[in-house]
Amino acid sequence: MTSPRILITGSLLGALALAGCSAADSETDSDTSAAANTSLTVGTAFYPLQYVAERIGGDLVAVETLISAGVEPHDAELSPKTVRDMQSMDTVLFLSDFQPAVDDAMETTGARGLDAHHIIDEHGAEEAEHEEESDHDDHDHDEETETTEEESSHDDHDHGSLDPHFWLDPTLLAEYADDVLAEFSELDPDNAETYSANASQLLTDLDAIDASYSDGLATCERRDIFVGHEAFGYLALAYDLTQEGLAGLDPEAEPSPARVREIRDMVEDTGATTIYSESEVSADAAEAVAEDVGVDVLVLSPIETVADDEDYLGVMESNLEALRTGLGCS
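Residues numbered from 1 in each chain as written. Predicted model: local features only at pLDDT ≥ 70, side-chain atom pairs only at ≥ 80, totals over all residues. Heavy atoms only, no water.

Within the protein, the secondary structure is distributed over twelve helices and eight strands. Classification of the 330 residues of the protein by burial places 45% in the buried group. The contacts in the protein between residues at least 6 apart in sequence include a share of 65% that link residues at least 24 apart. When the accessible surface of the protein is summed, it comes to about 16400 Å², and 47% of that surface belongs to carbon and sulfur atoms. (Helix = DSSP H or I, 4+ residues; strand = E, 2+ residues; numbered from the N terminus. Buried < 20%, exposed > 50% of the residue type's maximum accessible area, 1.4 Å probe, protein only. Contact = heavy atoms within 4.5 Å. Areas by Shrake-Rupley, 256 points an atom, 1.4 Å probe, with all protein chains shown as cover.)

What follows is the structure, given as structure tokens:
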């Protein structure tokens, strides 16, 4: 004969199981409901593109990031699940030739995508020309040492390819925002007006931050920015600055001894008070030069990734304050 105690315990377990199922069903229903309220699922390859997608898509778009927050995007790898998920996304926002893993996944999956590379094709040559002109204008060496220094420096300091960091010029990010608006509107024409209204507000914000940079950097004691790696070419071009990097476009590259000496001499010659480092990559070289010549180190973010409590506009504002401090702007 079964004891009353066991019967009661069994009833309790049954009730708890039913309650658990009910709660799980409720969560599933909530997730399903949230998914049902979105019109598009959009993948984004790295943060600035995610920011544009979220601003334009609003509640209508489920934005799925291909790499985890805080991961430096250049060498990021995609999980097998992420690659599988890309096949069911309505579109993927990416920048070809910037993240090899993403390029491979786009080719493998045949996913629809919106490539930002045409902006680099249109503006990258102008940025590179600006860098070359700055090199010729400002890098006057003694004739006896010019060849040795230049050859050694250029071996490790060559761009190799065009600068991908177009989003550091907010007017260029606005160009890509126009592309995203067109993409979302084509995929979901029923909500085109909402996307347009969201994009209009984003463009207003980007115009405002552009005006802040133009005004804030108009009158400065210096115009040379010394950085850990050359991610700020478009920013320099947009606001009449000259970028000098310890390393080229690769944030993991170690600067050559010749380049370190060259930067040290330029810092002293220009009267610079600051060398800029980044929070996501090693600042050892920048800190060593700064200590050697007695200048400060401030953070200048390439905004490839941001902290959880940050966004594009906020980091752009922080960058502007760091620039104004380092350049002695009034």
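Okay, the pairing of strand β3 (residues 91-94) next. Neither face of β3 is open: one carries Thr91 and Leu93, the other Val92 and Phe94, and all of them are buried. In this structure, strand β1 (residues 40-44) lies alongside β3, joined through three bridges in parallel fashion. Pairing of Thr44 across the sheet is with Leu93, part of β3. Here β3 pairs with strand β4 (residues 113-115) via three bridges, running parallel. Bridge pairing links Phe94 to Asp115 in β4. As for the winding sense of the linkage, the β-α-β connection from β3 through helix α4 (residues 100-109) to β4 is right-handed. (Pairing = 2+ DSSP bridges. Right-handed = clockwise from strand over helix to strand, strands pointing away.)

Scanning the entire structure with this criterion turns up nine aromatic pairs. Seen from their ring centres, Tyr47 and Tyr51 are 6.2 Å apart, and the 40 degrees between their planes marks the pair as tilted. Of this pair, Tyr47 and Tyr51 both sit in helix α2 (residues 47-57), four residues apart, roughly one helical turn. For the pair Tyr47 and Tyr51, a shared accessibility class is recorded, and that class is buried. Plain terms: the ring middles of Phe98 and Trp167 are 5.9 Å apart, the flat faces sit at 70 degrees to each other, and that makes the pair edge-to-face. Residue Phe98 is found in the loop between β3 and α4, and its partner Trp167 is found in the loop between α6 (143-157) and α7 (170-187); the two are separated by 69 residues along the sequence. Looking at Phe98, the relative accessible area reads 5%, which means it is buried. With relative accessibility at 0%, the residue Trp167 sits in the buried group. (Phe/Tyr/Trp six-rings, centres within 6.5 Å; stacked < 30°, edge-to-face > 60°.)

We now examine the sheet that holds β3. Each strand in a sheet pairs with another by means of backbone hydrogen bonds, the pair being arranged parallel or else antiparallel. Reading across from one edge, β2-β1-β3-β4 is the order of the four strands in this open sheet, with parallel pairing throughout. The open sheet has two edge strands, β2 (61-65) and β4, and neither has a second partner. Along the sheet, successive strands turn relative to each other by an average axial angle of 25 degrees, direction set aside. As paired elements, β1 and β2 share five bridges and run parallel to each other. Bridging from a neighbouring strand, Val42 pairs with Val63 of β2. (Axes fitted to C-alpha atoms, helices over the stretch in contact; angles between N-to-C directions.)

What follows is about empty space enclosed by the protein. Tallying each qualifying case throughout the model produces one cavity of 30 Å³ or more. When its volume is computed, the largest cavity comes out at roughly 40 Å³. Every residue lining the largest cavity is listed: Arg222, Asp224, Phe226, Ala272, Thr273, Thr274, Tyr276, Gly326 and Leu327. Secondary structure elements with two or more residues in the lining of the largest cavity: β5 (224-229), β7 (274-277) and α12 (312-327). The class makeup of the residues in the lining of the largest cavity is four nonpolar, three polar and two charged. (1 Å grid on protein atoms, 1.4 Å probe; cavity = no way out; pocket = protein on both sides within 12 Å on 5 of 7 lines; lining within 4 Å. Points joined across faces, edges and corners; volume = space filled by probe spheres on them. Nonpolar A, V, L, I, M, F, W, Y, C, P; charged D, E, K, R; others polar.)

Moving on, we come to the packing of α7 against helix α8 (residues 192-216). Interhelical geometry of α7 versus α8 gives an angle of 180 degrees and a closest axis separation of 10 Å. With respect to each other, α7 and α8 are oriented roughly antiparallel. In contact with Pro170, Thr171, Leu173, Ala174, Ala177, Asp178, Leu181, Phe184 and Ser185 of α7, α8 contributes Ala192, Tyr195, Ser196, Ala199, Leu202, Leu203, Leu206, Ile209 and Asp210. Residues belonging to the contact of α7 with α8 are distributed by class as follows: 13 nonpolar, three polar and two charged. (Parallel < 35°, antiparallel > 145°, perpendicular 65-115°, else oblique.)

Before going further, it helps to spend a moment on the layout of surface pockets. The volume enclosed by the second largest pocket comes to roughly 320 Å³. Every residue lining the second largest pocket is counted, 18 residues in all, and those nearest its centre are His74, Asp97, Phe98, Ser161 and Pro164. With three residues, helix α5 (residues 117-138) is the single largest residue contributor to the lining of the second largest pocket.

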